[in-house]
Amino acid sequence: EAPDNWPKPDIGLSMEHLDTKAGSNYFEYKWSEHYRDLQEKFETIVENSYDPNSLVEFLRHNFYHLDTLLNLFYVYTHMGDYTTADMLLQRCIYALESAFHPWFDITAGNCRLSYGVEANQIIFKVLFLYIKALSRRGCHRSALEVCKLLLSFDFSGKLVASVLPVLRY
């Protein structure tokens, strides 16, 4: 659950139910036009100068922009400020969860997201980083459970590298 000082995510990210096949529900994240515009602004900032201060300023106006949160996560992790890095990662997770379709039940084990869809890739990146963060904190069982969740989303074989952390737990 998000802290009281976090606003409700309304970033233009939603999830759409595509199909049901063999007992599995297939979903896809969708970006609104507003989110696409934010993404272009973000890419311009990164291309022109990868100054973390410009990313912080962009994030100040776009509290839940996922790629900015991830990039700042890397910056803070590199600086050794894991508390701030983990908070940014939690903000990503909160924004992604807020966009879940009502039928997207991660506890059911039958929800699928294709890694091949660009808008879906962010949840795979975030969950992979979350696995590493949990492990860093000594929460290996929780890391294993998130790893199994991550693998349940896409069986296409594109997530072979995600299997490697399972061997560790």
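Conventions we followed
- Residues numbered from 1 in each chain as written.
- Predicted model: local features only at pLDDT ≥ 70, side-chain atom pairs only at ≥ 80, totals over all residues.
- Heavy atoms only, no water.
- Axes fitted to C-alpha atoms, helices over the stretch in contact; angles between N-to-C directions.
- Helix = DSSP H or I, 4+ residues; strand = E, 2+ residues; numbered from the N terminus.
- Parallel < 35°, antiparallel > 145°, perpendicular 65-115°, else oblique.
- Left-handed = near helix turned anticlockwise from the far one by under 90°.
- Contact = heavy atoms within 4.5 Å.
- Nonpolar A, V, L, I, M, F, W, Y, C, P; charged D, E, K, R; others polar.
- Expected span 1.5 Å × (residues − 1).
- Buried < 20%, exposed > 50% of the residue type's maximum accessible area, 1.4 Å probe, protein only.
- Phe/Tyr/Trp six-rings, centres within 6.5 Å; stacked < 30°, edge-to-face > 60°.
- Core = buried A, V, L, I, M, F, W, Y, C linked by side-chain atoms within 4.5 Å.
- Pairing = 2+ DSSP bridges.

J.: Looking at this structure, I do not really get the packing of helix H2 (residues 52–61) against helix H3 (residues 66–79). What am I missing?
T.: The N-to-C vectors of H2 and H3 enclose an angle of 140°; their axes lie 10 Å apart at closest approach. When the axes of H2 and H3 are compared, the pair comes out oblique. For the element pair H2 and H3, the recorded crossing hand is left-handed. Packed against H2, whose contacting residues are Pro52, Leu55, Val56, Phe58 and Leu59, the element H3 presents Thr68, Leu69, Asn71, Leu72, Val75 and Tyr76 at the interface. Taken together, the residues that form the contact of H2 with H3 break down as nine nonpolar, two polar and no charged.

J.: It is not clear to me how helix H5 (residues 121–136) should be interpreted in this structure. Could you clarify?
T.: Because each turn of an α-helix spans 3.6 residues, side chains separated by three or four positions in sequence point in the same direction. The end-to-end C-alpha distance of H5, which contains 16 residues, comes to 23 Å, matching closely the 22 Å that a straight helix rising 1.5 Å per residue would cover. Along H5, the residues that are buried comprise Ile122, Ile123, Phe124, Val126, Leu127, Leu129, Ile131, Ala133, Leu134 and Ser135. Following H5 by one or two positions, Gly138 has its phi on the positive side, about 85°.

J.: Looking at this structure, I do not really get the packing of helix H1 (residues 33–48) against H2. What am I missing?
T.: The relative placement of two packed helices is expressed as an angle between their axes plus a distance between the axes. Contact geometry for H1 and H2: axes closest at 10 Å, N-to-C directions at 165°. Judged by the angle between their axes, H1 and H2 are roughly antiparallel. Seen from above, H1 lies across H2 with right-handed handedness. Listed contacts from H2 to Leu38, Lys41, Phe42, Ile45 and Val46 of H1 are Ser54, Leu55 and Phe58. Split into classes, the residues belonging to the contact of H1 with H2 amount to six nonpolar, one polar and one charged.

J.: Looking at this structure, how should I read the packing of aromatic side chains?
T.: Both the distance between ring centres and the angle between the ring planes are used here to describe each pair of aromatic rings. In total, this model carries 11 aromatic pairs according to the counting rule given. When the centroid spacing of 5.7 Å and the interplanar angle of 65° are considered together, the rings of Phe73 and Tyr74 count as edge-to-face. For Phe73, a relative accessible area of 5% puts it in the buried group. Where Tyr115 meets Phe124, the ring centres are 5.2 Å apart and the plane angle is 85°; that geometry is what we call edge-to-face.

J.: Teacher, can you tell me more about the nonpolar core here?
T.: Burial of nonpolar side chains together is a common tendency in soluble globular proteins. Tyr29, Leu66 and Leu113 are the most contacted members of the largest nonpolar core, which totals 47 residues. Element by element, the count of residues in this core is highest for H5, at nine residues. Aside from chain neighbours lying at most four places away, what touches Leu66 is Ile11, Leu13, Tyr35, Cys92, Ala95, Leu96 and Ile122.

J.: Would you mind going over the pairing of strand E2 (residues 24–31) with me for this structure?
T.: Side chains on a regular strand alternate between the two faces of the sheet. Most of E2 is tucked away, with six of its eight residues classed as buried. The pairing of strand E1 (residues 13–21) with E2 spans eight bridges and is classified as antiparallel. What sits directly across from His17, in E2, is Phe27. Remark: two residues form the turn of the hairpin made by E1 and E2, two consecutive strands paired antiparallel; Ala22 in that turn has positive phi of roughly 50°.

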